Each structure stands twice: as structure tokens, then as C-alpha cells.
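Tertiary structure, described
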Amino acid sequence: MRLFIAEKPELARAIVDGLGGGQKKAGYIVCGDDVVTWCFGHMLSLKDPEEYDERFSKWSMEDLPFSFIPWELKVTPDKKEQFDVIKSLLDKSTSCVNAGDTDSEGQLLVDEILKFVSYNKPVARVLINDNNLGPVKKALANLRDNTEFKGLSEAAEARSVGDQLYGYNLTRAYTITANKAGYQGVLSVGRVQTPVLGLIVRRDLEHESHSKSFYYNVTAQFKFGDIEFSSKLAVIESDPTDDKNRITDSKFAETLTSNLKQQEAKATSVKTVNKTESPPLPYNLLKLQSDASRKFGLKPDQVKDITQTLREKHKLITYNRSDCQYLSEEHHAEANEVLHAVSQTIPALSRAVGAANLQLKSKAFNTSKVTAHHAIIPTMTVADLNALTQNEQKIYMLLARAYIAQFYPPYEFEQTDVVIECLQRSFVATSKVGKSLGWKVLYKNDQGNEEVETTGDAIAIALSSLSQDSMGVCTNAVTENKETKPPARYTIATLLNDLTRVAKYIRDPDLKASLIERDKGNNGEHGGIGTSATRDTIITNLFERGFIIEQGKSIVSTPTAREFYSLLPDIAKYPDMTAIWHEQQKEIEAGNMTCMEFIHSLNDFISGQIADVIKNGISGLNIKIYPCPQCKKPLRRLKGKNGAFWGCSGYEDGCKTALPDVNGQPQQRSVHTAASPSKIHKCTSCQGYLIRRSFKKKFFWGCENYPECSQSYPDLRGKPNYSKPKITEVK
């Protein structure tokens, strides 16, 4: 019996189809002499320190650094039933096929199971990154020896073990030292988490330390016959400018504008070209999270949960954690059925679907650019729209629109670039005039979407009729007084986008180039940190650990985060370590370094970091301590099933005080007074303002128009959780 072990059930079903079908059993499918079973992601996880030795359950500096060689795995409790199925089938098999995803994690996911059960029979490898029947059959006909991918598996294992050792050791070291100084809580350190926090802290510090200055834009209005348009001064080297080539001398700018008025002008260059613009690529998870944050205010973890439901419960979308924005060419053959399902699920889109041209094939259909997974798109499943929550409808609509756009013609426009000479100075203008909207008809109401913005800085007046060497006049000129702005604080959307190009913050040019090279050809990633599937968890953890809070739409680092940041070495708070690990993992993949050598080297590094903490301490940590209102012992910020809260450190002595967390601080309870309506948060049913209320020691948000409107929302970190409305009723 040959056993296929797929990474997930969907892939298993695709393999069964490729093998000609089969008979389903409990946890597997029989296909003649072949059996196909599946995992639910990683079935095994690394043991925690206390599982090696009970003494590690108590955090002690004397036990650091710890390292476990050889490291050991355990079966994840909620996956034990399916793991037992896989193990039983392995015992009965004569050979096995690793059908994990085509990336390093997919390779490790199956390999670690085989190693865990000491499997010593022949193992092959099938590489499937497209679940369509044609590509699956082709992959099944071209099995390879699994040993060819040993380096890929070892690199993923090294990263997993390394992340655990680094995070556990340094988190305990800093937390133990801080607790001795009076801080109650955990100071969490992670290879990815801490550099992400570093990005936010540095952006905040740059924003707050910004010293404003002024610069001046010179704009002239020109008239050539019946055409009148504005044009910007082309700054030259001799002009008084700053490092961004902006004029800094107001008198210079004002003198120039004064002299320009009514002066003769000449069009020295007029170049017109017809251009086209392809539709935006379909979504990957990160791009979807970014757009959903911008448009609907949804958090990244909310979007991931919503897509998980759309995929698993409603069967409406494909694999939701993809980092790819491309589709295989074979997907194009399914377009008719997919579009039909979209129009049936969302009747409001039936007109848009009817205008789609299935003969068109956008640049998204490119098999060579599909990675372990293809882009997130709708499936051929039809569902009742009313069975979806409001947020599920919103996310499905985004995915559907992006897919429909692939079958619309390109946006066509005429671009004219003009250079005007006046008073021996050059002025430049660009016009973009739409000729055919094409796919942009689907995005006409998408305000703030930079990806589909029509003109940008260009003017919408047609300049193509302007002829070179024609003469005109400067009818007016103005100096615009501009104030320099600090770097904008991060929002969820801008932070997610920055995490895809974090290499620009690496100071070593060779490491920076290495990280960028890693993502070459991967649209949407340009030297990133973390993955589409983990970035939302990292951001959520930073919220829950009290390191960041929200102010309006901005993400702001807390005083705790800034104090902690100031104590960390640069290697921890900049993304350089990710690039260093990438270089080492390339060596592991190539067979020039072993996983064990990597771990030994990392242990030496961790030992040095802990020695520094012991030597230097964290005396600079100046974190505010909040006393318990009952017993006066310090409160600790803790993570509960409903989010963060503050509990008394005297809990074991009988004090059960617990307070809500609001913006990283405990909200002290007081005598009940009538709450005032928020001037920020609105009811989605009647557009009235919401009021934060308490009931049975829990908070929720209710409408100011109650009882006429009984809409309410759970409280999430001091804000209404719009993704889980309780009641929708307007009388």
C-alpha cells in the first residue's frame, strides 16, 4: 500500500481526483492500492521547557540559557485523533509520498511525522501547488525522491527550533530581571515580534521628535490658445533646496513667481503616448488584510478568522492564508463556473459578471509565479448571502470583485508629458486622460485605494493637442507655502505593507540585498519579515502584551514598549537577525551547514545576550506600577480568553481583583454614572453614537437610541468589536 500524506484536506481531495477517485473512510480515502490521508497543518509541536524538566516551570535566571539537544516533539492535543490515523496507515504501508506544500514548512510538516514514528520505508515527494486536475495529474506522474529535499526540511526545522530557543530564553531573562525591579508582567522577546515592535517605536519617536520647517512650491499657470493648465517648476542644482530637492528660500520663490507673470512661454517638449493599465492582481492574505483595514476598520486577525469561516464553513473561497497573488493558467478554464457562483451568491454583482469577457486572460494567470498556494479567489460554491455575517459579506465581495476584474479589459488612457520654458526656467506637467475605463468601472467608488487611483499628481486636462515649439503666456504664478510633516504613525494597513519590505530598514547592505533576493519574483514581498499567516498574530500579541495601543486609526507604542525598546540590543530590535538566519538557512538547504550546527551557533549567541542582561541589568526600566485598589499590591496585565485585563499579583493570597484593560492601562472602577455617547464610534444599524456600558462586571457598547435601536457590540480593548454584533433591531 502506497500512502499519500497531504498537508490539508483540500489537497488530499485533489490527489484523490488525480488518482481517479476513491472510497472515503474515517480520516483517509482508499484509491485502489493507494491510500490518501491528510494533516491539519503541523500535527506536532516542540515540547515546552517544563516538559523536559519540571523545574523549568518556574522561571529562574540560574536555569538560563537552556537548550534541549536533541529537541523533542509532541502530538498537538486537538490533532491526536487524525495523527493516530496517519500513524496506523504508516504502519500498514509499503511506501509513503510526502504531499506537503511545496515550501520548506510543507516539507517539514510531513517529514517530522515520518521521523517521529521512525518510518524507514521508501518515501517519495510530490510537488503540487495547484489543485486543478491537470496540474495534479502531471505532478503525480513526476514523483521525486524525498531525500532530495532534506536540506529544505532541515532549514525549516532549524528556524522552528531557533525561534523557540531565542524567544523562550530572552523572554525569561528580561522578565525575571524586570520582576526583580518591581515590574509585574512579561517582557516578551521574539525574532520577528521584537523587530516589528522596533519599527513602531522608531516611527513614533521620529514622529514626535520632528522639527517642522518650511519649503515652497512654485506653480505657474500657462495659456496656449484655448488650453490653460498649471505646471510645476523643475528645480535645478543652483536653487536653494533641502535634501529632498525642495526650495527652502521664500524670497527666492516669491521673486520668481512675481517675475513669471505675463511672461512669454514656449512648449519645448510635448510627448503623448497611449497607455494601458492591467487590473490589480487577486488578493493574498496580507493585501486582503490591508484593504479590509482601510475600508472597514477590521483587524488582521479578524480578517483571517473571517476568511477561515468563508473557506471551511461556507466553502466559498480557496485557501485563505496564501502569500501569492497569481493563478495557474489552468484556473482560467474554471472561470465560467466561478463567475456564475459569484453572481448567484451575490445577485448585486450579476451585472458586473455579465459584462466579464472570458476570452480575456489577465497577467494574474501565470503558472510560473504561483508559489506554494495560488491567490485567494471565490470557489464554484453557491451560498445564501443572508447566511453570511455582514463582515463575511464584505470580505467575499472584495475577493469577488478582484476576481471579476481579471476578465475586464485594461484601463486605457492617454498620457502627455509637457515641458514649458518661461523666463529661462523649465516647468513640467503631465496629463492623464481616460479613454476607456475597463476594469476601473468596478472600482469607481473605492475611495483611498492608491492601487487604482486614476491620475495621482497628473492633471485631467488633455494636453495632446499642444504642439512642440508653440508659444503661449504665463497668466499667473503662485508660491505654495508647505510645512514639512513628520513620518506618519503606523496604521494597521501601513504596518502590514511595511512588513513586506522590511529589508529597507536593515543597515548591512549585503544582508539587505540577501533578504530582497529571497523574495525575488514573489509579487507583494520585497524583503519581508514574518509570513501572511503569522503577521496578524504578531500584531495581536503586541496589543495583548500591552506594547501597542490604538489612537484613532493609528498604532502607537506604549511607555512600557519604549522603555523596553531602549534596553534591547540592536540585534534584537532591528530586522537584521532575520536576514542572518536566511543566509544560514540557505547554507543548510545547500548542505553546507547542518541544523545542529546552526543551533549550537545560536546557543552561543543566546548565552552572550543573557550574560549582558545579567551584567547590565535593566535599571533604566521606568515602567509605571499600578497598585491594586483593594490590597495595594501591583496589578499585572494578563491575557484572558476575551482579551487583555489587569489582575492583582496577590491572587494566590486571596485577592481576586480584576480590571478591564483600556489602551494598555487598568480602568479603575468607580460609582456608576450615566455614560456619555462616544463621538467616534457609530451604530451600524441607525448611525447613532455608541455608549460604553457595563453589565455584570463586563463591558459592552450599546446605541444611544436605545430602546428604539437595540444594536449592541462586545467590548474589545476599550472599543466596540464590530465583527461580532449582538442584536440588530431598529424599531
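Residues numbered from 1 in each chain as written. Predicted model: local features only at pLDDT ≥ 70, side-chain atom pairs only at ≥ 80, totals over all residues. Heavy atoms only, no water.

Each helix and strand counted, the protein chain has 20 helices and 25 strands in total. Rg of the C-alpha trace for the protein chain: 30 Å, near the compact-globule value of 27 Å for 731 residues, within the 12% margin. When burial is assessed residue by residue, the protein chain has 49% of its 731 residues classed as buried. Long-range contacts, defined here as pairs at least 24 residues apart, represent 71% of the contacts in the protein chain between residues at least 6 apart. (Helix = DSSP H or I, 4+ residues; strand = E, 2+ residues; numbered from the N terminus. Rg over C-alpha atoms; globule rule 2.2 N^0.38 Å. Buried < 20%, exposed > 50% of the residue type's maximum accessible area, 1.4 Å probe, protein only. Contact = heavy atoms within 4.5 Å.)

It is worth spelling out the environment of serine 269 at this point. Counting through the fold element by element, serine 269 comes out in strand 12 (residues 264-277). Taking the C-alpha atoms as reference points, serine 269 and asparagine 320, separated by 51 residues in sequence, lie 50 Å from one another. Here serine 269 is in contact with Asp417, Val418, Val419 and Gln468, once residues within four sequence places are set aside.

Burial runs high along strand 24 (residues 712-716): 4 of the 5 residues are buried. With 3 bridges joining them, strand 23 (residues 698-703) and strand 24 adopt antiparallel strand pairing. Bridge pairing in strand 24 links tryptophan 701 to tyrosine 713. When strand 24 meets strand 25 (residues 719-720), the two strands line up antiparallel, connected through 2 bridges. Among the inter-strand pairings, aspartate 715 is bridged to a residue of strand 25, identified as proline 720. (Pairing = 2+ DSSP bridges.)

Bringing the side chain of histidine 331 into the picture now. Turning to its location among the elements, histidine 331 is positioned in the loop between helix 10 (300-312) and helix 11 (335-345). Those residues in contact with histidine 331, other than ones at most four positions away along the chain, are Asp130, Asn132, Phe365, His374, Ile377 and Tyr403.

Ordered in space as 2-3-4-1-7-8-9, the 7 strands form an open sheet in which the pairing is mixed. The open sheet has two edge strands with one neighbour each: strand 2 (23-24) and strand 9 (144-145). Inspection of the sheet shows strand 2 paired to strand 3 (residues 28-31) by 2 bridges, in the antiparallel sense. Residue lysine 24 lies in a different strand from strand 3, and its bridge partner there is isoleucine 29. Contacts from helix 3 (residues 80-92) reach strand 1 (2-6), strand 3, strand 4 (34-38) and strand 7 (95-99), with the element oriented near 155° to strand 4. (Axes fitted to C-alpha atoms, helices over the stretch in contact; angles between N-to-C directions.)

This part is about the pairing of strand 4. Judged by how many residues are buried, strand 4 sits mostly within the fold: 5 of 5 residues are covered. Side chains Asp34, Val36 and Trp38 project from strand 4 onto one buried face, and the interleaved Val35 and Thr37 project onto a second face that is buried too. Across 5 bridges, strand 1 lies against strand 4 in parallel orientation. Along strand 4, the bridge assignment pairs alanine 6 with tryptophan 38. Of the strand pairs in this sheet, strand 3 and strand 4 are connected by 4 bridges, and their pairing is antiparallel.

So, about the nonpolar core. Membership of the largest hydrophobic core comes to 62 residues, with the highest contact counts inside it found for Leu542 and Ile548. Elements with a minimum of two residues in this core: helix 6 (150-180), helix 7 (193-209), helix 14 (492-499), helix 15 (509-518), helix 16 (535-544), helix 17 (559-567), helix 19 (576-589) and helix 20 (595-616). When sequence neighbours within four positions are dropped, the list of residues in contact with leucine 542 reads Gln193, Val196, Leu197, Ile200, Phe547 and Ile548. Listed in part, the 42 residues of the second largest apolar core include Leu327, Ala356, Ala375 and Phe407. (Core = buried A, V, L, I, M, F, W, Y, C linked by side-chain atoms within 4.5 Å.)

Here we come to the packing of helix 19 against helix 20. The N-to-C vectors of helix 19 and helix 20 enclose an angle of 155°; their axes lie 10 Å apart at closest approach. With respect to each other, helix 19 and helix 20 are oriented roughly antiparallel. Relative to helix 20, helix 19 is oriented so that their crossing is right-handed. Between helix 19 and helix 20, the contacting residues are Met577, Trp581, Gln584, Gln585 and Ile588 on the first element and Cys595, Phe598, Ser601, Leu602 and Phe605 on the second. (Parallel < 35°, antiparallel > 145°, perpendicular 65-115°, else oblique. Left-handed = near helix turned anticlockwise from the far one by under 90°.)

Another point: the environment of valine 186. Along the chain, valine 186 turns up in the loop between helix 6 and helix 7. Among the residues examined, valine 186 registers a relative accessible area of 41% and is labelled partly exposed. Considered as a pair, valine 186 and glutamine 415 are 229 residues apart in the sequence and their alpha carbons are 57 Å apart.

Further remarks concern helix 3. Along an α-helix, residues three or four positions apart point the same way, because every turn accommodates 3.6 residues. Its 13 residues give helix 3 an end-to-end C-alpha distance of 19 Å, which sits within 8% of 18 Å, the value for a rise of 1.5 Å per residue. Of the residues making up helix 3, those classed as buried are Gln82, Phe83, Val85, Ile86, Leu89 and Leu90. One side of helix 3 carries all its buried residues, which in axial view fall inside an arc of 155°. Turned more than 90 degrees from where helix 3 packs its buried face, Glu81, Asp91 and Lys92 sit exposed. (Expected span 1.5 Å × (residues − 1). Arc of directions from axis to C-beta.)

The next subject is the pattern of salt bridges. Across all of its chains, the model carries 32 salt bridges by this definition. Arginine 489 is the salt-bridge partner of aspartate 204, the closest N and O atoms lying 3.1 Å from each other. With a gap of 285 residues between them, aspartate 204 in helix 7 and arginine 489 in the loop between strand 15 (471-483) and helix 14 connect regions that are remote in the sequence. Each of the two residues, aspartate 204 as well as arginine 489, counts as buried. (Salt bridge = Lys/Arg side-chain N within 4 Å of Asp/Glu carboxyl O.)

As a further point, take the packing of helix 10 against helix 16. Direction vectors running N to C along helix 10 and helix 16 enclose 135°, while the axes themselves pass 8 Å from each other. Classified by the angle their axes make, helix 10 and helix 16 are oblique. Crossing geometry of helix 10 relative to helix 16 is assigned as left-handed. Contact with helix 10, carried on its side by Pro300, Asp301 and Lys304, involves Asp536, Thr537, Ile539 and Thr540 of helix 16 and no other residues of that element. Broken down by class, the residue content of the contact of helix 10 with helix 16 amounts to 2 nonpolar, 2 polar and 3 charged. (Nonpolar A, V, L, I, M, F, W, Y, C, P; charged D, E, K, R; others polar.)

So, on to the environment of isoleucine 113. Locating isoleucine 113 in the fold gives a position in helix 4 (residues 104-116). As for isoleucine 113 and aspartate 291, which are separated by 178 residues in sequence, their C-alpha atoms are 37 Å apart. Non-local contacts of isoleucine 113, meaning those with residues more than four positions away in its chain, are made with Cys39, Met43, Leu44, Phe83, Ile86 and Leu90.

What follows concerns the confidence of the model for the protein chain. Summary statistics for the protein chain give a mean pLDDT of 88 and a share of 92% for residues scoring 70 or more. Long-range and interchain partners of residues 670-674, a stretch whose pLDDT sits below 50, account for 0 contacts in this model, where long-range means more than four residues apart. (pLDDT = per-residue confidence, 0-100.)

A separate point is the sheet that holds strand 14 (residues 425-436). Strands pair in a sheet through their backbones, by hydrogen bonds, and they do so in one of two ways: parallel or antiparallel. As summarised here, the arrangement of the 6 strands in space is 10-11-14-13-12-15, forming a closed barrel in which the pairing is antiparallel. The average undirected angle you get between the axes of adjacent strands in this sheet is 35°. Helix-sheet contacts for helix 8 (residues 250-260) involve strand 10 (214-224), strand 11 (227-233), strand 13 (411-422), strand 14 and strand 15, and the interaxial angle to strand 15 is about 160°.

What follows covers the state of the cysteines. The full count for this structure, using the stated rule, is 0 disulfides. Among the cysteines around cysteine 683, which has no disulfide bond, cysteine 709 carries the closest sulfur, lying 3.7 Å off. (Disulfide = S-S within 2.5 Å.)

Turning our eyes to something else, we now look at unusual backbone geometry. Here leucine 64 and proline 65 are connected by a cis peptide whose omega angle stands at -5°. Between isoleucine 69 and proline 70 the backbone carries a cis peptide bond, its omega angle lying at 0°. By the secondary structure assignment, proline 70 is in the loop between helix 2 (49-52) and strand 6 (73-75). For glutamine 424, which is not glycine, the phi dihedral falls at a positive 60°. Here glutamine 424 shows up in the loop between strand 13 and strand 14. The exposure class of glutamine 424 is exposed, given its relative accessible area of 77%.

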